[in-house]
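Here is what each chain is made of, one letter per residue.
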Amino acid sequence: MPYYEFCCRSCGSFDRSHPMATVPDVAPCPGCALPARRRMTGGALLHTGSTATRLLDATARTAHEPAVVTAPPARTTTRISRNPLHHKLPRA
Ligand SMILES: [Zn+2]
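Residues numbered from 1 in each chain as written. Predicted model: local features only at pLDDT ≥ 70, side-chain atom pairs only at ≥ 80, totals over all residues. Heavy atoms only, no water.

Caption draft 1: Quick look at the overall build of the protein. On a plain count of helices and strands, the protein comes out with one helix and four strands. Start at the N end of the protein and walk to the C end: the helices and strands fall as β-β-β-β-α. Taking the principal axes of its C-alpha atoms as reference, the protein extends roughly 80 × 30 × 15 Å. Expressed as a percentage of its 92 residues, the buried residues of the protein come to 13%. (Helix = DSSP H or I, 4+ residues; strand = E, 2+ residues; numbered from the N terminus. Buried < 20%, exposed > 50% of the residue type's maximum accessible area, 1.4 Å probe, protein only.)

Written as structure tokens, this is what we have:
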């Protein structure tokens, strides 16, 4: 279902999801419960729960809530080649 933007005179704008056929012109404000008028914008089609939406949400969330780690990442072991020609190469 698309999201529609409503505007409350005292609290500001908020979004609500409605089916396109039954979208109301007025919705109760979640902050003050007064009727808020729908703004004339295009409905935002979002696929909540999809991989792309979760990635966008996680990316936006890291701007405000960076992930907290308890330890540095584990060191990766260097791969040792079994090719005898590689043993002649200089070591770093
Ligand atoms: Zn309000």
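From this point, things continue past the structure.
Caption draft 2: Highlighting the coordination of the zinc ion. Only Cys-8 (SG), Cys-11 (SG), Cys-29 (SG) and Cys-32 (SG) from the protein coordinate the zinc ion, and they sit 2.3 to 2.4 Å from it. One can describe the site at the zinc ion as tetrahedral: its four donor atoms subtend angles covering 104 to 117° at the metal. Mapped onto the sequence, the donors of the zinc ion take the spacing C-x2-C-x17-C-x2-C. The class for Cys-8 is buried, based on a relative accessible area of 4%. (Donors = N, O, S within 2.8 Å, 3.2 Å for Na, K, Ca; no water. Tetrahedral: all angles 85-135°; square planar, octahedral: opposite > 155°, others 65-115°.)

Caption draft 3: Representation of the packing of aromatic side chains within the structure. Inspection of every chain in the model, using the stated rule, returns one aromatic pair. With a centroid separation of 5.8 Å and 20° between ring planes, the pair formed by Phe-6 and Phe-14 is classed as stacked. Accessibility classification places Phe-6 together with Phe-14 in one group, the buried group. (Phe/Tyr/Trp six-rings, centres within 6.5 Å; stacked < 30°, edge-to-face > 60°.)

Caption draft 4: Quick peek at the pattern of salt bridges. Taken as a whole and judged by the stated rule, the model has two salt bridges. When the shortest N-O distance is used, the salt bridge between Arg-39 and Glu-5 registers 3.1 Å. Here the residue Arg-39 occupies a position in the loop between strand 4 (35-38) and helix 1 (51-64), and Glu-5 occupies one in strand 1 (residues 3-8), the gap between them amounting to 34 residues. Given the relative accessible area of 40%, Arg-39 is considered partly exposed. Note that Arg-38 is salt-bridged to Asp-25, the shortest N-O span being 3.4 Å. Here Asp-25 lies in the loop between strand 2 (12-17) and strand 3 (26-28) and Arg-38 lies in strand 4, a separation of 13 residues in the sequence. (Salt bridge = Lys/Arg side-chain N within 4 Å of Asp/Glu carboxyl O.)

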